[in-house]
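# Inside the fold
For reference, the chains in residue letters:
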Amino acid sequence: VVPHLPRMFEGAQLRDARRRPLPGTPVSERDQVELFLWVLYALGLGAAVGLGREIRGHEAGIRTTAIVCAGAALFGQISSSFGDTRIAAGVVQGIGFLGAGLVFQRGTSVKGVTTAATVWVMAAVGLVVASELWLLALLSTLTIIIVLELAPSERFITPQRKKRLVNQQPGEGAGDEQPPRAEP
């Protein structure tokens, strides 16, 4: 694809902070293309989940979920190449921080929890793709899409709960019973 790249990086080697070569076997160009195809697979799965969110106008649409899933797959591939699971663990932590930034409180309601959960689970799917478990990744993605598509039917399943939350006074938690006040 880019003919000058192999010559540019010929003999290049990844090193640690002390300039020692990192353990790992050299990866052939053919293997690199295969790894890239796994990342594209993760990108496609992430885009499939993001499509429904994009259509409904939610945050974390096609681009976000696709990039999170592909990035997690890329980090997972690096993690397995060097035999260092700390890289994959770092993905989980980093996505946790990203998800925390997506959740915010507006009045008595909390918004963005489903968005944060979607980003988090797409990172997990990316790591599954990195493990080359294509069927598990596909079935997980289909399950995620089904669960996210159930959101519109939620209002028919739990109408009383939503009505109760709307009529709730600020400071009252769900299920918190306030003792009746005595009239003077």
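The sections below set out a description of the structure shown in this document. (Residues numbered from 1 in each chain as written. Predicted model: local features only at pLDDT ≥ 70, side-chain atom pairs only at ≥ 80, totals over all residues. Heavy atoms only, no water.)

## Details of the overall build of the chain
This is how it is decided: The secondary structure listing takes helices from DSSP runs of H or I that are at least 4 residues long and strands from runs of E that are at least 2 residues long, numbered from the N terminus. Summary of the burial criterion: residues with accessible area below 20% of their type's maximum are buried, those above 50% are exposed, and those between are partly exposed, where the area comes from a 1.4 Å probe applied to protein chains only. Residue contacts are counted whenever heavy atoms from the two residues lie within 4.5 Å of one another.
Each helix and strand in the chain was counted, giving eight helices and two strands. For the chain, the succession of helices and strands along the chain, N to C, is α-α-α-α-β-β-α-α-α-α. Per-residue burial for the chain yields a buried fraction of 23% across its 184 residues. Sequence separation of at least 24 residues holds for 57% of the intrachain contacts in the chain that already meet a minimum separation of 6.

## As for the packing of helix α2 (residues 29–56) against helix α5 (residues 113–130)
The cut-off we apply is this: What counts as an axis is a line fitted to C-alpha atoms, over the stretch in contact for a helix, and the angles between N-to-C directions run from 0 to 180 degrees. Note on terminology: angles under 35 degrees are roughly parallel, angles over 145 are roughly antiparallel, angles of 65 to 115 are roughly perpendicular, and the others are oblique. It is the rotation of the near helix from the far one that decides the hand of a crossing: anticlockwise by less than a right angle makes it left-handed, clockwise makes it right-handed. Amino acids outside the nonpolar list (Ala, Val, Leu, Ile, Met, Phe, Trp, Tyr, Cys, Pro) and the charged list (Asp, Glu, Lys, Arg) are all regarded as polar, and Gly is one of them.
Contact pair α2 / α5: the axes reach a minimum separation of 9 Å and the direction vectors enclose 160°. As the angle between them shows, α2 and α5 are arranged roughly antiparallel. Crossing angle aside, the handedness with which α2 passes α5 is right-handed. Residues Trp38, Tyr41, Ala42, Leu45, Gly46, Val49 and Arg53 of α2 touch α5, and the partners they reach there are Thr114, Thr115, Thr118, Met122, Val125 and Val129. Across the contact of α2 with α5, the residue classes break down as eight nonpolar, four polar and one charged.

## Thoughts on the nonpolar core
Here is the rule: We call a set of buried Ala, Val, Leu, Ile, Met, Phe, Trp, Tyr and Cys residues a nonpolar core when their side-chain atoms join them within 4.5 Å.
Core analysis: the largest hydrophobic core is formed by 23 residues, its most contacted members being Met122, Val125 and Val129. A total of six residues in this core trace back to one element, the largest contributor, which is α5. Apart from the residues within four sequence positions on either side, Val129 is in contact with Trp38, Tyr41, Ala42, Leu45, Ala73, Gln77 and Ala137.

## Quick word on a nonpolar patch on the surface
Test applied: The patches reported here contain residues having more than 30% relative accessible area and no salt bridge. Joining distances are 9 Å for like charges and 5 Å for nonpolar side chains (Val, Leu, Ile, Met, Phe, Trp, Tyr). Values of accessible area rely on a 1.4 Å probe in the Shrake-Rupley scheme; residue burial ignores everything except the protein chains shown. Salt bridge, as used here: a side-chain nitrogen of Lys or Arg that lies within 4 Å of a carboxyl oxygen of Asp or Glu.
Taken together, Val33, Phe36, Leu37, Leu40 and Leu43 make up a surface patch of nonpolar side chains, about 440 Å² in accessible area. With respect to the helices, strands and loops of the structure, Leu43 is situated in helix α2.

## Observations regarding helix α6 (residues 134–149)
Our working definition: The length a helix should cover is 1.5 Å for every residue beyond the first. Arc, as used here, means the arc of the directions from the helix axis to the C-beta atoms.
Between the first and last C-alpha of α6 there are 22 Å, a value that for 16 residues agrees with the 22 Å anticipated at 1.5 Å per step. Turning to α6, its buried residues number three or more, namely Ala137, Thr141, Ile144 and Leu148. Taken around the axis of α6, the buried residues stretch over an arc of 60°, which confines them to a single face. Opposite its buried face, α6 presents the exposed residues Ile146 and Val147, each directed more than 90 degrees away.

Bear in mind that shape data such as this cannot, by itself, settle questions of function.
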